[in-house]
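Given next are the chains, with one letter for each unit.
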Amino acid sequence: MRIAAGADHAGFAVKQAVVRHLRAQGHEVVDLGTSDAGTSVDYPDFAHAVAEAVAARDVERGVLVCGTGLGMCMAANRHARVRAADCTTPHLAEMSRRHNDANVLCLGGRLLSEDEAWAITEVWMATPFDGGRHARRVAAIERVGAGDCGDPADLEGADGSG
Ligand code: RB5
């Protein structure tokens, strides 16, 4: 499978481990950064890059890692056709595939060890979508268009003070 991966500084180490495992399994991974843990970067930049690749169908799946997975998930889910799930257990990973056809996996680099993150990812990669009644529900998600993030300057605290 062709997969895009992205992380901020807090998710870098786990992203590296997951990318290594995915490649060892024969997947083609497009690593969209970040490229070190020492430089503080903004997670939405990586979430949007991976989500855009999924939305454009340049890749089949995406994996995003930040400190908790939460910010990555919020940003990725702004994109049409992206169903990002922040999974902290293999069971959540399984259900996100079976019922929600999740195409982006979000992980918390400050919550999970590299081994835990890979265990979650391995289940997520291997689990098919159940389809059936779940397909109708997943299609209904797309009835609402992707949000327009708008001009960040309009947001309170967007100057970095927040
Ligand atoms: C970075 O400190 C942290 O806020 C980020 O990695 C992520 O956890 C946000 O959701």
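What comes next is a walk through the structure.

Cut-off values and rules
Per chain, the residues get numbers from 1 upward, laid out in the order the sequence is written. Given that this is a predicted model, residues contribute local features only at a pLDDT of at least 70 and side-chain atom pairs are listed and counted only at 80 or more, while totals for whole chains, interfaces and linings are drawn from all residues. Hydrogen atoms and water are omitted, and side-chain values are computed over all heavy atoms in the structure. Only runs of H or I of at least four residues qualify as helices and only runs of E of at least two qualify as strands under DSSP, and these elements are numbered from the N terminus. Exposed residues in this analysis have more than 50% of their type's maximum accessible area, buried residues have under 20%, and partly exposed residues fall in between, with area computed by a 1.4 Å probe over protein chains only. Here a polar contact means two N or O atoms within 3.5 Å. Within protein one must be a hydrogen donor candidate and the other an acceptor candidate, and residues neighboring in sequence count only if both atoms are side-chain atoms. By this rule the span expected of a helix is its residue count minus one, scaled by 1.5 Å. The contact rule is simple, with two residues in contact once any of their heavy atoms fall within 4.5 Å. Near is defined per residue: the residue qualifies when any heavy atom it owns lies within 4 Å of the molecule or strand. Here, Shrake-Rupley sampling with a 1.4 Å probe gives the accessible areas, and only protein chains in the shown set may cover a residue. In the scheme used here, Gly and all other residues not listed as nonpolar or charged are polar, with Ala, Val, Leu, Ile, Met, Phe, Trp, Tyr, Cys and Pro taken as nonpolar and Asp, Glu, Lys and Arg as charged.

Structural notes on the environment of Asn100
Structurally, Asn100 is set in the loop between helix H4 (90-98) and strand E5 (104-108). A relative accessible area of 40% means that Asn100 is categorised as partly exposed. Sequence separation between Asn100 and Ala135 is 35 residues; the distance between their C-alpha atoms is 8.1 Å.

Some remarks on the side chain of Thr127
Here Thr127 lies in the loop between helix H5 (114-126) and helix H6 (133-141). Relative accessible area serves as the criterion here: at 11%, Thr127 is assigned to the buried category. For Thr127, the side chain forms a polar contact with the main-chain oxygen of Val123, separated by 2.6 Å.

Here we look at helix H2 (residues 43-55)
The α-helix advances 3.6 residues per turn, and as a result positions three or four apart in sequence lie on the same side. Given a rise of 1.5 Å per residue, 13 residues ought to cover 18 Å, and the 18 Å separating the end C-alpha atoms of H2 matches this to within 8%. All of the buried residues in H2 are Phe46, Ala47, Val50, Ala51, Ala53, Val54 and Ala55. Residues of H2 that are buried make contact with strand E1 (2-7), strand E3 (61-66), helix H3 (70-76) and E5.

Some remarks on helix H1 (residues 12-24)
Between the first and last C-alpha of H1 there are 18 Å, a value that for 13 residues agrees with the 18 Å anticipated at 1.5 Å per step. Those residues of H1 that fall on the buried side of the exposure criterion are Phe12, Val14, Lys15, Ala17, Val18, Val19 and Leu22. Among the structural elements, E1, strand E2 (28-31), E3, E5 and H5 are those in contact with the buried residues of H1. Once H1 finishes, Gly26 follows within two positions and takes phi at roughly 100°, a positive value.

Quick look at unusual backbone geometry
In the segment running from Gly33 into Thr34, the intervening peptide bond is cis, with an omega of 0°. Counting through the fold element by element, Thr34 comes out in the loop between E2 and H2. At Arg81, a residue that is not glycine, the phi angle is positive and equals roughly 70°. Even without a glycine there, the phi angle at Asp101 is positive, about 50°.

Looking at the site of the ligand
Around the ligand, the structure places Asp8, His9, Ala10, Tyr43, Cys66, Gly67, Thr68, Gly71 and Arg110. One of the side-chain nitrogen or oxygen atoms of Asp8 is found 2.6 Å away from an oxygen atom of the ligand. The contact in question runs from an oxygen atom of the ligand to an N or O atom on the side chain of Arg110, over 3.2 Å. Out of a free accessible area of 300 Å², the ligand has 71% covered by protein chains. Broken down by class, the residue content of the shell around the ligand amounts to 3 nonpolar, 4 polar and 2 charged.

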